[in-house]
Amino acid sequence: MPARPVLLLAAAPLLVAPLVGCASKSGGGSSPIAVQAGKGTCTVAPAAVKATQVSVNVNWTGEGPGEVYLYAKDDAGAFTKVVGEVEDLTDGLTKTFTADVTPGAYEIACKTSATDPGTRRPLQVDAPTNT
Amino acid sequence: MTHVVKLGLPNSTVLVPFRRGVSVFANYLIGLREGLEASLVVGILVAYLVKTDNRAKLPMLWAGVAGAVLLALGFGALLTYGSSTLSFTAQEALGGFLSIVAVGFVTWMVFWMRRTARHLRGELHGKLDKALAVGGWALALVAFVAVAREGLETALFLWAAVGSTGSSTQPLLGAVLGLATAVVLGWLVYRGALRLNLATFFTWTGAALIVVAAGVLAYGVHDLQEAGILPGLDNLAFDVSGTIAAGSLVATLVKGTLGLSPAMTVLEVVVYVAYLVPVLFWYFRPTPKSAPAATGRPAAAPRPPTGSPAPNAVPRRS
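Rules used throughout
- Residues numbered from 1 in each chain as written.
- Chains lettered and ligands numbered in written order.
- Predicted model: local features only at pLDDT ≥ 70, side-chain atom pairs only at ≥ 80, totals over all residues.
- Heavy atoms only, no water.
- Helix = DSSP H or I, 4+ residues; strand = E, 2+ residues; numbered from the N terminus.
- Buried < 20%, exposed > 50% of the residue type's maximum accessible area, 1.4 Å probe, protein only.
- Contact = heavy atoms within 4.5 Å.
- Patch = residues over 30% accessible without salt bridge, like charges linked within 9 Å, V, L, I, M, F, W, Y side chains within 5 Å.
- Areas by Shrake-Rupley, 256 points an atom, 1.4 Å probe, with all protein chains shown as cover.
- Salt bridge = Lys/Arg side-chain N within 4 Å of Asp/Glu carboxyl O.
- Pairing = 2+ DSSP bridges.
- Axes fitted to C-alpha atoms, helices over the stretch in contact; angles between N-to-C directions.
- Expected span 1.5 Å × (residues − 1).
- Arc of directions from axis to C-beta.

Caption draft 1: Just the overall build of chain A, in detail. Secondary structure summary: chain A contains 1 helix and 10 strands in total. For chain A, the N- to C-terminal ordering of α and β elements is α-β-β-β-β-β-β-β-β-β-β. Among the 131 residues that make up chain A, the fraction classed as buried is 49%. Taking all contacts inside chain A whose residues are at least 6 apart in sequence as the whole, residues at least 24 apart take part in 55%.

In structure tokens form, the structure reads like this:
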């Protein structure tokens, strides 16, 4: 029965794909951003960074579960393009995500579900200065 | 290690006990939801092996499950504590890809079980053993994929819960309890399935797996929409999250079994129906030999592409 080699061949990419998709957090070059999120609350500090990669550390408090997204502008100028997210955030949970960014305006959205428009805060990204 | 900036929780002595209870429950529901689908699939697979007197294949099945758990936990730890990161697009694309592969495997397996059921009814026990010689591997692989699919997301959630044990053990406790409940429910499905007679068992477990697979496929499409690989993320077919919140018990149970969410996109719904209806129809269609074989004559079954050994070639053992 030829099924076994076919199945193994199909399964092989499963093991390879994660490794291919992996990138390294640029050592020391990630600009850390702290987001304090909750139902109806969202604070982003700092609100402006100079970096090519950001590391967003999200702490959720209060009623959950919640999700936090980093949006970039789409072609129409609205913030709908997801660049990074963390979900399944419950009271007291902290999760971090990393995203590559280009200079421009971004938005952080603290939501209680995928369809919730959420509480949004702007994030300004500029090119890193060469010291 | 990522630099963690911890901001203090607002203090309120009255609200804290209430919040703790709510927090444990919220984490419990997430653990339950994450574990339920895989638990159902594994429960059915174990029942299948036990029912067909193939307990010898069980270790292989458990190896598949264990492998997926370890892989997910390891990869999750690498992403949480290590210096590697998976871009959002890559993560969603991986989830979507895994879901589609899982559906492919489960569908193949359901129809293979259906063919095997015909052999069983024909009392060709020797044939069954031969068919399962490959089946053991296949079942282990299906179990692996079923667990690995939700595995990474669950692992990331668990590692985050572990990380917050400095301030509270509630998230980890809730999550573990939720996963444990999912395992218990899978075990109950296994026990219930065992009590069915063979024909009913094959009919209903196959149908159940097809329904679960439809949900998995829709979820995979959603992931690919989030990754931007498929369009229409904001084009909702329906949104009942005002009535049934995404974090509620009802939503959790429905999501964990049927794979339906309170809000689904048009593409998700289309794919769900486009898979479920034809596959169920094909699954329940009368086979050429639908009556149990009184004479034990092998079925003149349509030859599937993967090619079971020809029933007519093996001499009947009496």
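Caption draft 2: Quick peek at a nonpolar patch on the surface. On the surface, a nonpolar cluster with roughly 290 Å² of combined accessible area is contributed by B:Phe238, B:Val240, B:Ile244 and B:Val250. Counting through the fold element by element, B:Val250 comes out in helix H7 (residues 249–257).

Caption draft 3: Structural detail: the sheet that holds strand S3 (residues 41–45) of chain A. Residue and element names in this part refer to chain A. The mixed open sheet is built from 4 strands, whose spatial order is S3-S2-S5-S8. Because the sheet does not close on itself, it has two edges, and the strands there are S3 and strand S8 (94–100). With direction set aside, neighbouring strand axes in the sheet form an average angle of 20°. The pairing of strand S2 (residues 31–38) with S3 spans 5 bridges and is antiparallel. When the sheet's bridge partners are listed, Ala37 is paired in S3 with Cys42.

Caption draft 4: Seen up close, helix H8 (residues 266–284) of chain B. All names here are of chain B. Its 19 residues place the ends of H8 27 Å apart at the C-alpha level, agreeing with the 27 Å of an ideal helix rising 1.5 Å per residue. Inspection of H8 places Glu268, Val271, Tyr272, Tyr275, Leu276, Val279 and Tyr283 among the buried residues, and these make up the whole buried set. Down the axis, H8 shows its buried residues gathered within 115° of arc, on one side only. Facing away from the buried side of H8 by over 90 degrees, the exposed positions are Val277 and Phe281.

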